[in-house]
Amino acid sequence: MLLKRSHNCACLNLTDKGTTVILNGWIKKIRDFGKFVFVDLWDHTGIIQLVFRPEIEGLAEIKHCIVGDSIGVKGDVVERQDKNHHLSTGEIEIAVNEWVRYSHSEPFPISDNPSEETRLKYRYLDLRSEKMQRNLRFRHDVIKKIRDFMSEKGFIEVETPILSKSTPEGARDYLVPSRLQAGSFYALPQSPQIYKQLLMIGGVDKYFQISRCFRDEDLRANRQPEFTQLDIEMAYADEEDVFRVTEVLFRDVVHSAAGISVPVPFQRMTYEEAMSRYGSDKPDTRFGLLIEDKTEECRPEGFTILEEAIKRGDAVKGILLKGHEPSRKEIDSMTALAKDKGAAGLMWFKIKEGMIQSPVAKFLQDKGESLTRSFAMEEGDTLFVVASASSVACSALGAVRLYLRDLYQLAGETKGLHFLWVTDFPMFFYNEDQKRYETEHHPFTMPVAEDMERYLEKSPEKIRSRSYDLVLNGEEIASGSVRNHIRSLQKQVFEKIGLAPETLQKRFGFFLKALQYGTPPHAGIAPGIDRFVQILLGEESIRDVIAFPKTTNAACLMTESPSEVDAFQLDELEIKVNNKN
RNA sequence: GGAGCUGUAGUUCAGUUUGGUUAGAACGCCUGCCUGUCACGCAGGAGGUCGCGAGUUCGAGUCUCGUCAGCUCCGCCA
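## Observations concerning the packing of helix α4 (residues 130–152) against helix α6 (residues 239–258)
Between α4 and α6, whose axes approach to 10 Å, the crossing angle comes to 140 degrees. By the angle between their directions, the pair α4 and α6 is classed as oblique. The handedness of the crossing between α4 and α6 is right-handed. In this structure, α4 uses Phe138, Val142, Lys145, Ile146, Phe149 and Met150 to contact α6, whose residues at the interface are Val245, Val248, Leu249, Asp252, Val253, Ser256, Ala257 and Ala258. Taken together, the residues of the contact of α4 with α6 break down into 11 nonpolar, one polar and two charged.

Laid out in structure tokens, this is it:
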């Protein structure tokens, strides 16, 4: 028997006193007093207390219910004698007249403070937690706002295939074997990139999609193998059009979902500046601590470490931490970070009673004066210096900078949202391992035309692309570009990254062909929904904004996927598994 | 591929530094008592492959090696 509910648990209050209601939900807590029993009933709206009095039928049975049981009750809203002010429904309780247990629960395997492993194994129970309920609802609100906004701006949502074609440029593909053409494979899309460009050629003009993307790469706290992005593409548009619509979109979504006002337009910065000043292509602009290049000014005589570095052509760069002196242990951690990024080491300097303090102090013939002067260092500050190839020094100090941010909460604990456009990424970079050029963004990005002419043969790494990232509080939350709509130029790019003509034809022939039919100039962007929601909610893990996430091993502890399959399934696909063990 | 942290009852943890009797606590579960709780209380009970496998030792939850799993980071992520 289903007692059809009249209300949700937490939607009642003292004004409902005297009414008869029917509630459905789970037992959250049960307190047995012999002659009567209190039950905290929970549904997605919250908790309300039920009281089972001696005179009702089934009093003995309610004593045998446990946390997690699903029940329905009919009863009267009554005012409590002793009110509970910790509860929104704490002024009332439901005096139960009639009730039914829909289903019994095994003892609950998940506590108030569950481990990550337990949460993932019993995800359906973890989802009943206040946090997951709130996060899923928030995520829904964000996505609904996005859909409404895009529709209002004249974009239409078009779905693109999940079973698509492998394009092994970039991330590793997830492959799906074909049965009808055994030996051939589909790939799950890393993004709908090519399809959305084909939609532009197809006259869709303004496209968007809340789309699932798949990348078979290692996971991180903010990275899952499948994730959701808002895919956007506009015909007859350039970067300024994309910036404008994206900025207003984020402004409106942030305002309606989180109640925060952010100014538009967003700050912009070139890739070059981001790398040289922040040591990152996704700089956290919520605080200073910028990297300074003192290769010219700072040449303390007799300090052979620096002198020889400069002679080699290395740069001397540093960041000055005002008013903090990290401990030896903390400096060791920072040194390890710098070395991870390829620096030979991390030099540090403090001033104590006018005297410079540093492991390398004894080498400083000028007592460190040229250092303290060029960096404007004062007592109480700590100076970190790296002498390395310029790019190495920057990324090393970039890592140190973020360590200091976390150590001293330099980004502040306020809900400040700093959006930043990073522009002018390089088109190509040289892959040392594979001895060939690759595209920094993706091969469909439009290179800057004049750079292409000047540098294509001699120094391709100097060619800029018309691509851009949107960074929020030091996290990349969107990436996009003006696309290459010129077939000959697209072919040049493919050739530069070493795609042999036959390979090119096999992988991208259909696309190059499509480009022949009057491709409109177009541009787009793809914000990552999961990461954006994660930042707005202040969650440390992206798993907490996804209903059914995977572990760092890309496994699902609940369904135990991935798993072996039956031999007949493999037979149908003509696949043989090589068991390495 | 590499580094670090973690793994003990259904759950969350203590015990590992310094090897030594029968591995503990809390919550949960089971049985009983209780007329106003909201962390209800009281009495009793069940519940353990100390992740797994080797090794050292008279003796291993504890030491060593390997391995698996979870988390974080580097590489990787057009």
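## Observations regarding the pairing of strand β16 (residues 382–388)
Burial within β16 is extensive, with seven of its seven residues counted as buried. Residues of β16 alternate between two faces, with Thr382, Phe384, Val386 and Ser388 on one and Leu383, Val385 and Ala387 on the opposite face, all of them buried. Sheet topology places strand β13 (residues 315–321) next to β16; seven bridges connect them, and they run antiparallel. Its bridge partner being in β16, Gly318 is matched across the sheet by Val385. The pairing of strand β14 (residues 347–352) with β16 spans four bridges and is antiparallel. Pairing of Lys350 across the sheet is with Thr382, part of β16.

## A closer look at the sheet that holds β16
Spatially, β12-β13-β16-β14-β15 is the arrangement adopted by the five strands of the open sheet, whose pairing is antiparallel. The outermost strands of the open sheet, each flanked by one partner alone, are β12 (292–293) and β15 (355–357). Inspection of the sheet shows β14 paired to β15 by three bridges, in the antiparallel sense. Bridging from a neighbouring strand, Lys352 pairs with Met355 of β15.

## As for the protein's contact with RNA strand B
Around RNA strand B, the surrounding shell holds 48 residues, and the nearest of these are Asp32, Gly170, Thr439, His441 and Thr552. For RNA strand B, the backbone makes up 55% of the atoms found within 4 Å of the protein, where backbone means sugar plus phosphate. Arg53 has a polar side-chain atom sitting 3.2 Å from a base oxygen of RNA strand B. Within the backbone of Glu440, an N or O atom sits 3.2 Å from a sugar or linking oxygen of RNA strand B. Those elements that place two or more of their residues in the surface near RNA strand B are β1 (20–32) and α2 (116–121). With four residues, the single largest contributor to the surface near RNA strand B is α2. Grouping the constituent residues of the surface near RNA strand B by class yields 12 nonpolar, 18 polar and 18 charged.

## Comments concerning helix α8 (residues 304–312)
For α8, every residue scored as buried is listed here: Leu306, Ala309 and Ile310. The arc enclosing the buried residues of α8, seen along the axis, measures out at 95 degrees, which places them on a common side. The outward face of α8, more than 90 degrees from its buried face, is lined by the exposed residues Lys311 and Arg312. Lining the buried residues of α8 we find β13, β14 and β16.

## Some remarks on the packing of aromatic side chains
All chains considered together, the criterion is met by 20 aromatic pairs. Arranged with centres 5.8 Å apart and planes meeting at 75 degrees, the rings of Phe444 and Phe508 form a pair that is edge-to-face. Residue Phe444 is found in the loop between β19 (436–439) and α12 (449–455), and its partner Phe508 is found in helix α14 (residues 501–514); the two are separated by 64 residues along the sequence. Each member of the pair, Phe444 as well as Phe508, is classed as buried. Put simply, the rings of Phe243, Phe250, Phe266, Phe419, Trp421, Tyr468 and Phe532 pair up and form one aromatic cluster. Positioned above the aromatic ring of Trp42, the side-chain terminus of Lys28 is 5.2 Å from the ring centre. We note Arg401 situated over the ring of Phe287; from NZ or CZ to the ring centre the distance is 4.0 Å.

## Some words on the confidence of the model for chain A
Reading fine detail from the predicted coordinates is not recommended where pLDDT is low. Across chain A, the average pLDDT comes to 94, with 99% of residues at 70 or higher. In the predicted complex, the global pTM is 0.95; the interface-specific ipTM is 0.95.

Conventions adopted
Residues numbered from 1 in each chain as written. Chains lettered and ligands numbered in written order. Predicted model: local features only at pLDDT ≥ 70, side-chain atom pairs only at ≥ 80, totals over all residues. Heavy atoms only, no water. Axes fitted to C-alpha atoms, helices over the stretch in contact; angles between N-to-C directions. Helix = DSSP H or I, 4+ residues; strand = E, 2+ residues; numbered from the N terminus. Parallel < 35°, antiparallel > 145°, perpendicular 65-115°, else oblique. Left-handed = near helix turned anticlockwise from the far one by under 90°. Contact = heavy atoms within 4.5 Å. Nonpolar A, V, L, I, M, F, W, Y, C, P; charged D, E, K, R; others polar. Buried < 20%, exposed > 50% of the residue type's maximum accessible area, 1.4 Å probe, protein only. Pairing = 2+ DSSP bridges. Near = heavy atom within 4 Å. Polar contact = N/O pair within 3.5 Å; in protein donor to acceptor, adjacent residues only side chain to side chain. Arc of directions from axis to C-beta. Phe/Tyr/Trp six-rings, centres within 6.5 Å; stacked < 30°, edge-to-face > 60°. Lys NZ or Arg CZ within 6 Å of the ring centre and 35° of its normal. pLDDT = per-residue confidence, 0-100.

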